[in-house]
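Chains, contacts and geometry: an overview
This is what each chain is made of:
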Amino acid sequence: MKLPFHIVEMLKRKSGNGLRQPSDCELLSLDIASKTGVRLGATTLKRLVGFAVDEREPHASTLDAIARYLGYAHWDELAAVDDEGNSDFEAPDGEIRSADLQVGDEVEITYLPDRRVVLSYLGDHRYRVVQSEHSKLLAGDEVEVLGFVLHHPLLALQVWRGGTPLGQFTAGRVSGLSSVKRIGVTS
């Protein structure tokens, strides 16, 4: 199975790797492992991006790892995004994209049962937790997040505490985020 063109393009953008030759899949494999904790073989990635012809279906866990790497909770969510009908320049209501923020903007999220987190945007999809109530994220933690979507889980691609990487973090895994809002917007 070869991944759809727009998903391969998403992999190129996320990794900063043009995937111009088969050996580039080694670097992509390392980047996926560093961001998700899941090691996908370079040979598997070569098949998925089209360097090797193979019609075998990849394991669901492989597709889920690619989805998580790209900022989606799982493959079904990523697969639902097609290149034609899910595109828009404006974020829909209930969604805040990191790419639309300025350094210093703050985002407040809540999720069940009684969690509240306020994050300050640092740039390059990174945030510092400035307030945390009843969450495993602590004030001072830094997180890498592509965006926040109401009623969807928060996926932090990486969490750093005191400069030490802790790995990926998911909040609101069952019911998603209860509220998402920009506060303290810089001009």
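Residues numbered from 1 in each chain as written. Predicted model: local features only at pLDDT ≥ 70, side-chain atom pairs only at ≥ 80, totals over all residues. Heavy atoms only, no water.

Let's shift gears to helix α4 (residues 60-69). Of all 10 residues in α4, 7 are buried; the element is thus mostly enclosed. Taken together, the buried positions of α4 are occupied by Thr62, Leu63, Ala65, Ile66, Ala67, Arg68 and Tyr69. On its buried side, α4 packs onto α1 (5-15), α2 (24-36), α3 (42-49), α5 (75-79), β7 (154-161) and β8 (164-171). (Buried < 20%, exposed > 50% of the residue type's maximum accessible area, 1.4 Å probe, protein only. Helix = DSSP H or I, 4+ residues; strand = E, 2+ residues; numbered from the N terminus. Contact = heavy atoms within 4.5 Å.)

With that settled, the discussion passes to the pairing of β7. Counting buried residues in β7 gives 7 out of 8 residues, a clear majority hidden from the surface. Pairing of strand β5 (residues 142-144) with β7, which is carried by 3 bridges, proceeds in the antiparallel orientation. Paired with glutamate 144 across the two strands is glutamine 158, which belongs to β7. Bridge analysis of β7 against β8 gives 6 bridges, and the strand direction is antiparallel. Paired with leucine 155 across the two strands is threonine 170, which belongs to β8. (Pairing = 2+ DSSP bridges.)

To continue, consider the pattern of salt bridges. Using the criterion set out here, one finds 12 salt bridges in the structure. Of the charged contacts in the structure, one is a salt bridge between arginine 97 and glutamate 95, with a shortest N-O distance of 3.1 Å. On the accessibility criterion, arginine 97 (23% relative accessible area) is partly exposed. For glutamate 95, a relative accessible area of 24% puts it in the partly exposed group. The closest approach of N and O atoms between aspartate 105 and arginine 182, which form a salt bridge, is 2.8 Å. Within this pair, whereas aspartate 105 is found in the loop between β1 (95-97) and β2 (106-111), its partner arginine 182 is found in strand β9 (residues 177-183), the two being separated by 77 residues in sequence. Under the relative-accessibility criterion, aspartate 105 is labelled buried at 0%. (Salt bridge = Lys/Arg side-chain N within 4 Å of Asp/Glu carboxyl O.)

Quick look at the side chain of glutamate 144 now. Secondary-structure assignment places glutamate 144 in strand β5. A distance of 3.1 Å separates polar atoms of two side chains, one belonging to glutamate 144 and the other to lysine 14. (Polar contact = N/O pair within 3.5 Å; in protein donor to acceptor, adjacent residues only side chain to side chain.)

Inspection of every chain in the model, using the stated rule, returns 2 aromatic pairs. Plain terms: the ring middles of tyrosine 121 and tyrosine 127 are 5.0 Å apart, the flat faces sit at 55 degrees to each other, and that makes the pair tilted. Plain terms: the ring middles of tyrosine 127 and phenylalanine 148 are 5.2 Å apart, the flat faces sit at 80 degrees to each other, and that makes the pair edge-to-face. One end of the pair, tyrosine 127, is in strand β4 (residues 126-133); the other, phenylalanine 148, is in strand β6 (residues 147-149), and 21 residues separate them in sequence. Side by side, tyrosine 127 and phenylalanine 148 carry an identical accessibility label, which is buried. Residue placement shows lysine 14 over the ring face of tyrosine 69; its charged tip is 5.7 Å from the ring centre. (Phe/Tyr/Trp six-rings, centres within 6.5 Å; stacked < 30°, edge-to-face > 60°. Lys NZ or Arg CZ within 6 Å of the ring centre and 35° of its normal.)

Remark: the empty space left among the atoms is shown by a probe the size of a water molecule rolled over them. Considered as a void within the structure, the second largest pocket measures approximately 150 Å³ in volume. Lining the second largest pocket are Tyr111, Leu112, Arg115, Ser135, Lys136, Phe169, Thr170, Ala171, Gly172 and Arg173. Sort the elements by how many residues they give to the lining of the second largest pocket and β8 lands first, with 3 residues. Here the residues of the lining of the second largest pocket sort into 4 nonpolar, 3 polar and 3 charged. (1 Å grid on protein atoms, 1.4 Å probe; cavity = no way out; pocket = protein on both sides within 12 Å on 5 of 7 lines; lining within 4 Å. Points joined across faces, edges and corners; volume = space filled by probe spheres on them. Nonpolar A, V, L, I, M, F, W, Y, C, P; charged D, E, K, R; others polar.)

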